[in-house]
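Working through the structure, step by step
So you can see what is in the structure, the chains are spelled out below.
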Amino acid sequence: MTNTFSARSGLAALALLVATAGSHAQDVDRVGLHCQIPDGHHMIRTVEACPDGSGTQVETWDALSNSSWGRHLDWEPVSYMSFPYPVAICENGFVVDRRGEDQTEDWIATRTTLIADPGYQALLGEHTSHFIYARLLELEGAPAAEVSWQYLLSSWEADQCGMTDAYEAYVREYLRVASAELDAMTPEDELFTVYNLLVINMHRRIGDFAEADARLAEFQADHADLINESWEQAFSRLDGALAARNSGQVEINPRED
């Protein structure tokens, strides 16, 4: 594949977007790539001191309000807004995923040690915010469900930014973790059906149609009872996209024109 949005060229483009977003925006060395833009109505951006005491800054994004009217097959909301919100990552790579009252000294000390890992530091400025966060969670030994979710969110970020090569790499990281989770599940697990849908769909998104076909056929044969009224539309849309060899984004319940 040809990378249509390299990390370094992306940094320059994203810096330009931030610079032109409004005079209120403060300068910050953005180490987690994303394409979110503050609009003054729904999505706002703030820059403040990193809570780790390093003297660096952190860019934080918050939604004043949001709404969506459905989901895509990769679970990204269908909305006038861009999802996901970027992760708050300090200029030194420290991820701020706790509110002030929960930012204990032990938490700061432990995470400060982890982010010094050379492999982690090499990610800064080269990957999206949620991909960097997923890697940090793996270093911390977080539950697999948290890790796979962040890799999935990183694929949304890469898709939004046109990072073609990164998108495929992020999807493969999602599949690495999520497929292992799925192997350990039983049909009685409340997430069994959604994980099957997502794993099959993400194989489709990277053009791995043969694997997606095989997995879908197996699921339909072995677990037809799970494709009930709640899931029929989603699996029908997935089946149709596979038949058409369509690797693009697909809404589960497309609106009629």
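Here, residues in each chain are numbered from 1, in the same order as that chain's written sequence. Confidence filtering applies because this is a predicted model: local features only for residues at pLDDT of at least 70, side-chain atom pairs given and counted only at 80 or more, and all residues used for totals across whole chains, interfaces and linings. Derived side-chain values reflect all non-hydrogen atoms in the structure, with water molecules and hydrogen atoms excluded from consideration.

So, about the state of the cysteines. To count as a disulfide, a pair of cysteine sulfur atoms needs to be within 2.5 Å. All chains considered together, the criterion is met by two disulfides. At a sulfur-sulfur separation of 2.1 Å, the disulfide partner of Cys35 is Cys161. An S-S torsion of about 135 degrees defines the bridge between Cys35 and Cys161 as right-handed. Placement of the pair is Cys35 in the loop between helix 1 (7-19) and strand 1 (43-49) and Cys161 in helix 5 (residues 144-161), with a sequence separation of 126 residues. Accessibility here uses a 1.4 Å probe with only protein chains present; expressed as a share of the type maximum, an area under 20% marks a residue as buried, one over 50% as exposed, and anything in between as partly exposed. Classification of Cys161 by relative accessible area gives buried; the value is 7%. The helix count covers DSSP runs of H or I at least four residues long, the strand count covers runs of E at least two residues long, and both are numbered beginning at the N terminus.

In this section: the environment of Arg45. Topologically, Arg45 is positioned in strand 1. A relative accessible area of 9% places Arg45 in the buried class. Taking the C-alpha atoms as reference, Arg45 lies 4.7 Å from Trp61; in sequence the two are 16 residues apart. A polar atom in the side chain of Arg45 sits 2.6 Å from the side chain of Glu59. N or O atoms within 3.5 Å of each other form a polar contact, as long as, within protein, one can give a hydrogen and the other can take it, and as long as residues adjacent in sequence are counted only when both atoms are side-chain atoms.

In this section: the packing of helix 4 (residues 129-140) against helix 5. Throughout, an axis means a line fitted to C-alpha atoms (over the contacting stretch in the case of helices), and angles, computed between N-to-C directions, take values from 0 to 180 degrees. Closest axis-to-axis distance for the helix 4/helix 5 pair is 7 Å, and the angle between their directions is 165 degrees. Taken together, helix 4 and helix 5 sit at an angle that is classed as roughly antiparallel. Considering the relative orientation of helix 4 and helix 5, their crossing is left-handed. Contacts between helix 4 and helix 5 involve Ser129, His130, Phe131, Tyr133, Ala134, Arg135, Leu137 and Glu138 from the first element and Glu146, Val147, Gln150, Tyr151, Leu153, Ser154 and Glu157 from the second. Throughout, the ten residues Ala, Val, Leu, Ile, Met, Phe, Trp, Tyr, Cys and Pro are labelled nonpolar, Asp, Glu, Lys and Arg are labelled charged, and all others, Gly among them, are labelled polar. Its residues assigned to classes, the contact of helix 4 with helix 5 comprises seven nonpolar, four polar and four charged. What sets the label is the angle itself: under 35 degrees gives roughly parallel, over 145 gives roughly antiparallel, 65 to 115 gives roughly perpendicular, and the rest give oblique. By convention, the crossing between two helices is left-handed when the near helix turns anticlockwise from the far helix through less than a right angle, and right-handed when the turn is clockwise. Residue contacts are counted whenever heavy atoms from the two residues lie within 4.5 Å of one another.

Here the aromatic set is Phe, Tyr and Trp, taking the six-membered ring for Trp, and pairing holds for ring centres within 6.5 Å; pairs whose planes are under 30 degrees apart are stacked, those over 60 apart are edge-to-face, and all others are tilted. Under the definition given, this model contains nine aromatic pairs. Each ring, one from Phe131 and one from Tyr151, has its centre 5.6 Å from the other, and the planes form 55 degrees; the classification is tilted. Placement of Phe131 in helix 4 and of Tyr151 in helix 5 is noted, with a sequence separation of 20 residues between them. Classification of Phe131 by relative accessible area gives buried; the value is 5%. Residue Tyr151 is classed as buried on the basis of its relative accessible area of 0%. Geometrically, the ring pair formed by Trp231 and Phe235 is edge-to-face, given 6.4 Å between the ring centres and 65 degrees between the ring planes. Assessed through its relative accessible area of 3%, Phe235 is described here as buried. An aromatic cluster is defined as three or more aromatic residues linked by ring pairs; in this entry it consists of Trp75, Phe192, Phe219, Trp231 and Phe235.

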